[in-house]
Amino acid sequence: MKNKTLLIRILISLLGIALIASCGSQGSNNGALGGDAAAQVYVAPGEQDEFYAFISGGFSGQLTVHGLPSCRLLKTIPVFSVDGEKGYGFNEETKPLLNTSHGFIPWDDSHHPELSQTNGETDGRWVFINGNNTPRVARVDLSLFETVEIIELPNSGGNHSSPFTTMNTEYVVAGTRFGVPVPQKDQSIKNYASKFKGALSFIKVDPESGEMSLAFQVLMPAFDYDLAHAGKGKSHGWMFFSSYNTEESHTLLEVNASQNDKDFIAAVNWKKAEEFLAQGKAHKMPARYAHNLFDEKTQTATSTIMTEVNVLLPEECPGLVYFMPTPKSPHGVDVNPTGEYIVGSGKLSANLTAHSFTNMLDAIENEKFDGDAYGIPILNFDDTVAGVVESGGLGPLHTEFDDRGNAYTSFFITSEVVKWEVGTWEVLDRAPSYYSIGHLMVPGGDSQKPEGKYLVAMNKITKDRFLPTGPEVAQSAQLYDISGDKMKLLYDFPTMGEPHYAQGISAGRIIPNSKKIFRLEDNEHPHAIKNEAESKVVRNGNTVRVYMTSIRSHFAPDNIEGIRVGDEVYFHITNLEQDYDVPHGFSVMGAQNAELLIMPGQTETLLWKPLYEGVYPFYCTDFCSALHQEMQGYVRVSPKGSNTPITWNVGG
C-alpha cells in the first residue's frame, strides 16, 4: 500500500511539472517553452554536445564557446582584451599579439566570428573574428582554442563588415564602417563627401598554416559598409558588402542617412581584382599596421610593423565593383547555399528583398545601369530583384539558411524570427524572440552545407528574462529547434558582453584535431627547460631570470634568495606535465599584471618588479592534485644595492 501511495504521489508530481512547464504556452511551437524543451536541451552526465557555438563577446573583446543543445559555456577565448584567468595579454609571450600602430591596445569590440571553409563547408580549422574599434582581424586556432594571429587594418575606421570568408578561405574580408581620410591626415569633417574614403580589405589566408597577409584594399566612396558575405557555388569569386549612408552625411545619421530610397550592396569581383594585381594596376600606398603572429614552436608571439599596402581604385579597374540598389539602410547581406540569391535586409523596410546573381550578371553584361557613383556602375534595381518576402515583419536584420531550402530572418522591431521558403518567397512560420533580436546563427548557415537542426538568436535587450543584476541585465541568446515544419523555442541562456553574431559547427569536425598537450621535446621557447635539474636563477645587472619547472605538486626552485628591490624578475616557467588537462597556474604576491596559466609542455613568462623588501610567497593558482595547496614557494627580496647572493633550491 505504501509503495502504491508513493507511486501515485510521484505521478502527480510529474504531471504538475509538465503542467507548469507548458503553462501559458501558445501551442507547442511558439510562445513559452514547450513541456519537452528541457529534454531536448539536456545533455546527460558523461555525454557531450552535438555542436560547438562560437559567440562574439561584443564589447568584452572576447569570444565564447558554448555547447549545443545544452547551451553550456565551455570556454572564453581571449582575443582583443587582456584576460587575467589565462594571463593573456599579461604574460610576455602574448603581449605582442595586442600591439598596434597606436601602441599596446588591450581591448576591442568583437562582433562577427567566422569559421574557415573548404569547398564551401565549415572545416573546423580556424575561426576568425573582427576588432571593430581599432580595426583588426584575429585568427583562433581550433586545435588549441587560442588566438594565434592578429592583423591590423590601415585606412579603416570601424571594422564592421568583417571577417567573412570565401568558400575555400582564400580570403577573409574587412570593410570599414566609417569613412576616414585616406591616408589619415588633418581634415575638416565638413569635407566628408569629397575627402573621405571607405576601404574594403582583402586578407589572404595561407591554405596550410592559416597565416594572414593583407593582399589588397579596394578604395571606395565614403559610405558606411555594414556587413558582408561571400559568393558561393555559381557566385564564387564575388564578395557582397551591404552599405548605408549613400548620402555621405557626417552628422545626425539617424535622419540624414535615411533620405535615399535605396542604398547599395557593393558587389566586388575578387577574382578580377587578382587579375588587376597581376597586371600591376595596384597603387603601393604607405601604411603603418601591425601583423602579430604566435609561433607554436617557440610559444611566443612577435609583432611586425608593416609599411605598405596594395590599393585598387575602382575607376581604374572596370568590372571590379558594381553597386546593386537595395532597400534603404541595409544591415545584413546574405547569400543562400546555392550562391544564386543575395538577400538584402533594409532595416527600414517591412519587406525583404532577394537579388538574383544570374540577374545581376545579365544586368552587367547588357549594361542595365542607372548611372554611376564615383565611376562605379549602379545596376537597375528591378533588373536584379529575384523576389520579395512580403509582410515578413518590421526591421529585417540578418538571414541564415538551412539544408532544406528555407531561410530564417530576424526582425528587430517586431522581435521575431521569420521562416520563409527560398524561391517562392512564402512565409512559412514565425516565432517570437520577445526582446529586440539581432543576428541569427544556424550551424553552417552561411555555407553551402548548412546543418539545419538548431537556430541561435542573439538578443540586444532582455529586461525580465533573467534575474535582475543591477541596472543592466545579462545579455541573451535563445535556442530554437528548426528540424520540423514549425520552429520551437527551447532555451534562453545568458552570454558574455553583447552577442552580435555566432558560428556553429558539428563537434565531430573539431574533436579529432583538438590538441591535448604540447610535447616537451618540441618546445623551442628560448627560455624553456626540460627537467628540474636545469632549473636556475641568473642575474644580469638588474635583470634576473628564474628558470622554473612545475609538476604535481611543486615548483623547482621553490625557495629563491638574492632578489633586490628594483630588479626586473622574469619567471620563465615550463610545465613538465605530459598529461591531458593538467595545466598549472603561477602567481606571486605584488605582481602588477596577472597569473600565468601554463598548459602541459608549455613555457610562459611573468615579469615581476618587487617594490619593497620582504619575503613574498608564490603558488599554483589552478587546482592540479590533492596536494595543490602545498604547491607554493618563497622569494626573498633584499634592499636595493645589497650584496645578498643569488641562491635557489627545492627540497633543501
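Residues numbered from 1 in each chain as written. Predicted model: local features only at pLDDT ≥ 70, side-chain atom pairs only at ≥ 80, totals over all residues. Heavy atoms only, no water.

### Some details on the layout of surface pockets
To find leftover empty space, a probe the size of one water molecule is rolled over the atoms.
Next up, step 1: Its volume calculated, the largest pocket comes out at about 1,300 Å³.
Next up, step 2: Elements supplying a minimum of two residues to the lining of the largest pocket: β1 (51-56), β3 (73-78), β9 (146-152) and β43 (603-608).
Next up, step 3: The greatest single-element share of the lining of the largest pocket, amounting to four residues, is contributed by β3.
Next up, step 4: The residue inventory of the lining of the largest pocket, partitioned by class, reads 20 nonpolar, nine polar and 11 charged.
Next up, step 5: Counting contributing residues, the lining of the largest pocket receives three or more from each of domain 1 (51-513) and domain 2 (523-649).
Next up, step 6: As a volume, the second largest pocket reaches approximately 540 Å³.
Next up, step 7: Every residue lining the second largest pocket is counted, 22 residues in all, and those nearest its centre are Asp226, Tyr244, His331, Lys347 and Leu397.
Next up, step 8: Secondary structure elements with two or more residues in the lining of the second largest pocket: α4 (253-256) and β31 (437-441). (1 Å grid on protein atoms, 1.4 Å probe; cavity = no way out; pocket = protein on both sides within 12 Å on 5 of 7 lines; lining within 4 Å. Points joined across faces, edges and corners; volume = space filled by probe spheres on them. Helix = DSSP H or I, 4+ residues; strand = E, 2+ residues; numbered from the N terminus. Nonpolar A, V, L, I, M, F, W, Y, C, P; charged D, E, K, R; others polar. Domains from an automatic or database assignment.)

### Considerations on empty space enclosed by the protein
Next up, step 1: Counted by the stated rule, this structure contains one cavity of 30 Å³ or more.
Next up, step 2: Empty space within the largest cavity amounts to approximately 50 Å³.
Next up, step 3: Around the largest cavity, the lining residues are Glu114, Gln117, Thr165, Met167, His229, Ala230, Gly231, Lys232 and Asp446.
Next up, step 4: Only β6 (114-118) and β15 (224-230) provide two or more residues apiece to the lining of the largest cavity.
Next up, step 5: For the lining of the largest cavity, the residue count by class is two nonpolar, four polar and three charged.

### Examining the environment of glycine 641
Next up, step 1: Tracing the backbone shows glycine 641 in the loop between β45 (632-638) and β46 (647-649).
Next up, step 2: Glycine 641 sits in the exposed class, given a relative accessible area of 70%.
Next up, step 3: For the pair glycine 641 and arginine 564, spaced 77 residues apart in sequence, the C-alpha to C-alpha distance is 7.3 Å. (Buried < 20%, exposed > 50% of the residue type's maximum accessible area, 1.4 Å probe, protein only.)

### Description of the pairing of β43
Next up, step 1: By the criterion of burial, β43 is predominantly enclosed, with six of the six residues buried.
Next up, step 2: Taking every second residue as pointing to the same face, both faces of β43 are buried, with Thr603, Thr605 and Leu607 on one and Glu604, Leu606 and Trp608 on the other.
Next up, step 3: As paired strands, strand β40 (residues 568-575) and β43 are joined by six bridges and run antiparallel to one another. Its bridge partner lying in β43, threonine 574 is registered against threonine 603. (Pairing = 2+ DSSP bridges.)

### Details of the sheet that holds strand β27 (residues 396-401)
Next up, step 1: Ordered in space as β27-β28-β29-β30, the four strands form an open sheet in which the pairing is antiparallel. One side of each edge strand has no neighbouring strand; the edge strands of this open sheet are β27 and β30 (427-432). Strand-to-strand twist of the sheet, defined as the mean angle between neighbouring strand axes without regard to direction, takes the value 20°.
Next up, step 2: Bridging between strand β28 (residues 406-411) and strand β29 (residues 416-421) involves six bridges; their strand directions are antiparallel. Following the sheet pairing, asparagine 406 is matched in β29 by glutamate 421. (Axes fitted to C-alpha atoms, helices over the stretch in contact; angles between N-to-C directions.)

### A few points about the environment of phenylalanine 59
Next up, step 1: Locating phenylalanine 59 in the fold gives a position in the loop between β1 and β2 (62-68).
Next up, step 2: With relative accessibility at 41%, the residue phenylalanine 59 sits in the partly exposed group.
Next up, step 3: C-alpha of phenylalanine 59 to C-alpha of proline 499: the two residues are 440 residues apart in sequence and 8.8 Å apart in space.
Next up, step 4: Beyond its immediate sequence surroundings of up to four residues, phenylalanine 59 is in contact with Trp107, Asp108, Asp109, Glu472, Gln475, Gly497 and Glu498. (Contact = heavy atoms within 4.5 Å.)

### Concerning the side chain of serine 162
Next up, step 1: Structurally, serine 162 can be placed in the loop between β10 (159-161) and β11 (171-176).
Next up, step 2: Classification of serine 162 by relative accessible area gives buried; the value is 0%.
Next up, step 3: Other than its neighbours up to four places away in sequence, serine 162 contacts His112, Asn130, Val137, Val173, Ala174 and Gly175.

### Structural notes on helix α6 (residues 357-365)
Quick reminder: α-helices carry 3.6 residues per turn. Residues three or four places apart thus point the same way.
Next up, step 1: Of the positions making up α6, those classed as buried are Phe357, Met360, Ala363 and Ile364. The buried residues of α6 occupy one face: seen down the axis, they fall within an arc of 120°.
Next up, step 2: Downstream of α6 by one or two residues, glutamate 367 has phi in the positive range, about 50°. (Arc of directions from axis to C-beta.)

### Notes on the domain arrangement of the protein chain
Next up, step 1: With domains assigned, the protein chain is organised as domain 1 (51-513) and domain 2 (523-649).
Next up, step 2: Distance from the C-alpha centre of domain 1 to the C-alpha centre of domain 2: 43 Å.
Next up, step 3: At the interface, 13 residues of domain 1 touch 17 residues of domain 2.
Next up, step 4: The contact between domain 1 and domain 2 buries some 1,200 Å² in all, and 47% of this surface belongs to carbon and sulfur atoms.
Next up, step 5: For the domain 1 face of the interface with domain 2, the top three residues by lost area are Glu92, Glu93 and Gln299, together amounting to 37%.
Next up, step 6: Here domain 1 is connected to domain 2 by six residue pairs in polar contact (both at pLDDT 80 or more).
Next up, step 7: For the side of domain 1 that touches domain 2, the class distribution of residues is one nonpolar, six polar and six charged. (Buried area = accessible area lost by both parts, 1.4 Å probe. Polar contact = N/O pair within 3.5 Å; in protein donor to acceptor, adjacent residues only side chain to side chain.)

### Quick notes on the pattern of salt bridges
Opposite charge on two side chains lets them pair, provided their charged atoms get close.
Next up, step 1: Following the criterion strictly, the structure yields 30 salt bridges and no others.
Next up, step 2: Of the charged contacts in the structure, one is a salt bridge between glutamate 296 and lysine 515, with a shortest N-O distance of 3.2 Å. Of the two residues, glutamate 296 is situated in the loop between β18 (283-295) and β19 (300-312) and lysine 515 in the loop between β35 (502-506) and β36 (536-540); the sequence distance between them amounts to 219 residues.
Next up, step 3: You can call lysine 515 partly exposed: its relative accessible area is 33%. (Salt bridge = Lys/Arg side-chain N within 4 Å of Asp/Glu carboxyl O.)

### What about the sheet that holds strand β26 (residues 385-389)?
Next up, step 1: Strand order in the open sheet formed by four strands is β21-β22-β23-β26, and the pairing between neighbours is antiparallel. The open sheet has two edge strands with one neighbour each: β21 (330-335) and β26. Geometrically, the sheet is characterised by an average inter-axis angle of 20° between neighbouring strands, direction not taken into account.
Next up, step 2: As defined by bridge partners, strand β23 (residues 352-356) adjoins β26 across four bridges and the pair is classed as antiparallel.

### Regarding the nonpolar core
Next up, step 1: By size, the foremost hydrophobic cluster in this structure holds 31 residues, and its most contacted members are Phe202, Met220, Phe241, Leu320 and Phe323.
Next up, step 2: Within the second largest apolar cluster, 26 residues are counted, among which are Val65, Leu115, Val127 and Ile505. (Core = buried A, V, L, I, M, F, W, Y, C linked by side-chain atoms within 4.5 Å.)

### Points about the confidence of the model for the protein chain
Next up, step 1: Of all residues in the protein chain, 95% have pLDDT values of 70 or greater, and the mean over the chain is 93.
Next up, step 2: The model gives residues 1-33 a pLDDT under 50, and that stretch makes 25 contacts with residues more than four places away or in other chains. (pLDDT = per-residue confidence, 0-100.)

### Section: helix α5 (residues 270-278)
Next up, step 1: Regarding α5, the residues found buried are Trp270, Ala273 and Phe276. Projected down its long axis, α5 carries its buried residues within an arc of 100°, all on one side.
Next up, step 2: Against β11, β13 (196-205), β14 (212-220), β16 (238-244), β17 (262-269) and β19 lie the buried residues of α5.
Next up, step 3: Looking at where α5 begins, the residue whose side-chain oxygen comes 3.3 Å from the main-chain nitrogen of lysine 271 is asparagine 269.

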